[in-house]
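Residue strings, one per chain:
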Amino acid sequence: MERDGYESDQNRLMVMNLETGEKIFASKDFDSNVDGFVWSADAKALYFTGVWHGESQVYKIDLTDSNKITPLTSGMYDYAGVALLGEHKLIVQRHSLSMGDEIYSIDLADNNKIAQLTTENKHIYDQLTIGKVEGRWMKTTDGKQMLTWVIYPPHFDPNKKYPMIVYYYGGTSPTNRALEMRYSMHMYAALGYVVYTLNPSGTTGFGQEFAARHVNAWGLKTADEIIQGTKLFCKEHSFVNEKKIGCIGASYGGFMTNWIIGHTSRFAAAASQRSIANWISFYGVSDIGMTFGPDQQGGNIYDDTEKLWWHSPVKYARACTTPTLFIHSDEDYRCPMAEGLQMYTALVDLGVESKLVYFKGENHELSRSGKPLHRMRRLNEITDWMQSHLK
């Protein structure tokens, strides 16, 4: 990162000459984050994984040819964990929206031929009917291009009406694209929902300018794109029951859920997880409060309370009508339970149907690495909430 700790900055791949101290910005022509990387056997190239337009592919940087960057893979997949095997093979893991992680090889000496090495989940896939996944580009409110995905129910019939669940990212990563337990989009599709996921302003993988569009503007462009994107999708697809739409977000997506329910009544149900409700209190209760607020909002609690309050979702609680589920963990120091509790209390005080579920002994990583029983409970709570309001 050019600025240490600046969440909206890029992870840059640099090469340093240990004798002279000279640094070369090797990934300069890749306008996104560099994730895992490995040297070639002859040290003349680097192989790395990085997200571009919602797909994490494997790339080669030729250090002998002006740091030319060439993609080695393609398709609607996410590659990770790149490692070198011998001189001419890479070992990677790969998943997609319809397939969990498996191990693959890339033969650099055979036109980058890809071979699947493991089939650990085949016995599970053989028992499942997976709905169709479709990528879709749309224009944002100010003319930018935004990538979305649609996951259809199995045996989808366009002549029927379906409830819909809208997903959006947490942090600034693209919307989760794995077939997994954490955000089980195919599970909701199997229950009869159309699942619509968006990658609005602030998402990485679409250039640095797009990735930083939400800085000092939390709750503005991004929320508008989610709301208008949902509206446009419904307008273009008559199979969506516009009265039965739910929204789900966590962390930054939890903040976004809190903000959205105070700015639209379009959603019939919402699930807000590990969220931010009040930038003024967040300064004093979060482990990153003193730096993250000024970094992302351009203000501090001493000089800019009006600005911080203006960007706080709880300020707009009086306009909320959406039944909302709040999920927090008592050891979450990133987005402490006090944040979700403020939003929940405001909605209860205002007579809006709400529920708060908090998990003892869990932290901000509940959905990723929490106790299996708690992860199942979290998923069931969200599912039950959506089922009770959208079905």
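Our structure's up above, just so we're on the same page.
Residues numbered from 1 in each chain as written. Predicted model: local features only at pLDDT ≥ 70, side-chain atom pairs only at ≥ 80, totals over all residues. Heavy atoms only, no water.

S.K.: Honestly, the side chain of His364 in this entry has me stumped. Any pointers?
M.R.: As for its position among the elements, His364 is in the loop between β18 (354-359) and α10 (366-369). Residue classification places His364 among the buried residues on the basis of a relative accessible area of 11%. A polar atom in the side chain of His364 sits 3.0 Å from the side chain of Ser251. In terms of polar contacts, His364 uses its side chain to reach the side chain of Asp332, at 2.8 Å. In this structure, His364 is in contact with Ser251, Arg274, Asp332, Arg334 and Cys335, ignoring residues within four places of it in sequence. (Helix = DSSP H or I, 4+ residues; strand = E, 2+ residues; numbered from the N terminus. Buried < 20%, exposed > 50% of the residue type's maximum accessible area, 1.4 Å probe, protein only. Polar contact = N/O pair within 3.5 Å; in protein donor to acceptor, adjacent residues only side chain to side chain. Contact = heavy atoms within 4.5 Å.)

S.K.: What exactly am I supposed to notice about the packing of aromatic side chains here?
M.R.: The way to describe two aromatic rings as a pair is by their centre distance and the angle between their planes. Here the structure, examined in full by the defined rule, presents 28 aromatic pairs. Ring plane angle 85 degrees and centroid distance 4.8 Å describe the contact between Phe156 and Phe239, whose orientation is recorded as edge-to-face. Highlighted residues: Phe156 in the loop between β12 (145-151) and β13 (162-168) and Phe239 in the loop between α4 (221-236) and β15 (240-250), separated in sequence by 83 residues. Given the relative accessible area of 6%, Phe239 is considered buried. Note on Phe233 and Phe239: the rings are 6.2 Å apart at their centroids and 75 degrees apart in plane angle, and the pair reads as edge-to-face. Taking relative accessible area as the criterion, Phe233 reaches 0% and is therefore assigned buried. Through pairs of rings, three or more aromatic residues link up here, namely Trp218, Tyr252, Phe255, Trp259, Trp279, Phe282, Phe292, Trp310 and Tyr316. Geometry around Tyr104 places Arg94 over its ring, the cationic atom sitting 4.1 Å from the centre. Sitting above the plane of the Tyr193 ring, Lys391 keeps its charged end 4.8 Å from the centroid. (Phe/Tyr/Trp six-rings, centres within 6.5 Å; stacked < 30°, edge-to-face > 60°. Lys NZ or Arg CZ within 6 Å of the ring centre and 35° of its normal.)

S.K.: When you look at the nonpolar core in this model, what are you seeing that I'm missing?
M.R.: Considering soluble globular proteins, one finds that nonpolar side chains tend to be buried as a cluster. Of all hydrophobic cores here, the largest spans 46 residues; its most connected members are Met164, Val166 and Met343. Among the elements of the structure, β12, β13, β14 (194-198), α4, β15, α5 (252-260), α6 (279-285) and α9 (337-349) are those that each provide at least two residues to this core. Dropping the residues within four chain positions of it, Met343 is found in contact with Asn258, Ile261, Ala277, Pro313, Val314, Ala317, Cys320 and Phe326. Among the nonpolar cores identified, the runner-up in size contains 27 residues, and Leu147, Tyr193, Phe359 and Ile382 belong to it. (Core = buried A, V, L, I, M, F, W, Y, C linked by side-chain atoms within 4.5 Å.)

S.K.: Sorry if this is basic, but what is going on with the pairing of strand β16 (residues 269-273) here?
M.R.: Every other side chain in a regular strand lies on the same face of the sheet, so the side chains alternate between the two faces. Across the 5 residues of β16, 5 count as buried, placing the element largely inside the fold. Here β16 shows no split at all, with Ala269, Ala271 and Gln273 on one side and Ala270 and Ser272 on the other all buried. Here β15 pairs with β16 via 5 bridges, running parallel. Within β16, the position partnered with Ile248 by the bridge is Ala271. (Pairing = 2+ DSSP bridges.)

S.K.: Explain the packing of α4 against α5 here, please?
M.R.: In a pair of packed helices, the angle between the axes and the distance between the axes together describe the arrangement. Direction vectors running N to C along α4 and α5 enclose 70 degrees, while the axes themselves pass 10 Å from each other. Considered as vectors, α4 and α5 are oriented roughly perpendicular to each other. In this structure, α4 contributes Thr222, Ala223, Ile226 and Ile227 to the contact, and α5 contributes Tyr252, Met256, Trp259 and Ile260. Class assignment for the residues of the contact of α4 with α5 results in 7 nonpolar, 1 polar and no charged. (Axes fitted to C-alpha atoms, helices over the stretch in contact; angles between N-to-C directions. Parallel < 35°, antiparallel > 145°, perpendicular 65-115°, else oblique. Nonpolar A, V, L, I, M, F, W, Y, C, P; charged D, E, K, R; others polar.)

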